[in-house]
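Structural characterization, general
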Amino acid sequence: IRKGEFVVLLGASGCGKTTLLRILGGLLKPTSGSIRVDGREMWDAQQNAVAQKIGFVFQEANLFPWMNIQDNVTLPLRLQNVPVQRRREVAQDLCRRVGISGFEQHYPRQLSGGMRQRVAIARALSYEPSILLMDEPFGALDALTREQMNLELQRIWLTNGSTVVLVTHSISEAIFLADRIVVLTP
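Residues numbered from 1 in each chain as written. Predicted model: local features only at pLDDT ≥ 70, side-chain atom pairs only at ≥ 80, totals over all residues. Heavy atoms only, no water.

**Thoughts on the pairing of strand β5 (residues 131-135)**
Burial within β5 is extensive, with 5 of its 5 residues counted as buried. Along β5, one buried face is formed by I131, L133 and D135 and the opposite face, lined by L132 and M134, is buried too. Of the pairings in the sheet, the one linking strand β4 (residues 54-57) to β5 comprises 4 bridges and is parallel in character. Of the residues in β5, the one forming a bridge with I54 is I131. Examined bridge by bridge, β5 and strand β6 (residues 163-168) share 5 bridges and lie parallel to one another. Among the inter-strand pairings, I131 is bridged to a residue of β6, identified as T163. Handedness of the β5-helix α7 (residues 143-160)-β6 crossover: right-handed. (Buried < 20%, exposed > 50% of the residue type's maximum accessible area, 1.4 Å probe, protein only. Helix = DSSP H or I, 4+ residues; strand = E, 2+ residues; numbered from the N terminus. Pairing = 2+ DSSP bridges. Right-handed = clockwise from strand over helix to strand, strands pointing away.)

**Digging into helix α6 (residues 113-125)**
In this model α6 runs 19 Å from its N-terminal to its C-terminal C-alpha over 13 residues, within 8% of the 18 Å that 1.5 Å per residue would give. The element α6 is largely enclosed, with a buried count of 11 among its 13 residues. Listing the buried residues of α6 in full gives G114, M115, Q117, R118, V119, A120, I121, A122, R123, A124 and L125. At its buried positions, α6 is contacted by β4, α3 (69-73), α4 (75-79), α5 (84-97), β5 and α7. (Expected span 1.5 Å × (residues − 1). Contact = heavy atoms within 4.5 Å.)

Next up, the structure:
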């Protein structure tokens, strides 16, 4: 996958899309072959430095229920000791960009499934990763919101120049978003 490319992994359930994405993100070690990011092997001593370049959005939002939306979005920044005021600014901007502005002080249990997924997307974008791996992030969204999020994802990709790998079942989503589509089969 070339730097700045938008690649979609497309295929039927069970064909290995999510497994491949987890290998690309350093969550699963490959049984053979290697993964290199900017020339660095994913599984060597520098794995942490490589992993910091990767944002991951899973099928489930995986938010911390005891943290409000602002704190969930900016958790990666907090772990990097970014000042509180800057974290608030980032949270406001990202919440606006993903369409949940005004909900920063709410808790995950107060949001719909689709809204929680938007929070997860905002969190993945909070530290401006150079690689964004997304595992069916829009599956829980209604059709209109999914279209809006596809447009927003495309805008973010065009603006930031990130490398994106997206897993989806949606052929139309793949055609709309991708530079290249990789079709996997069982």
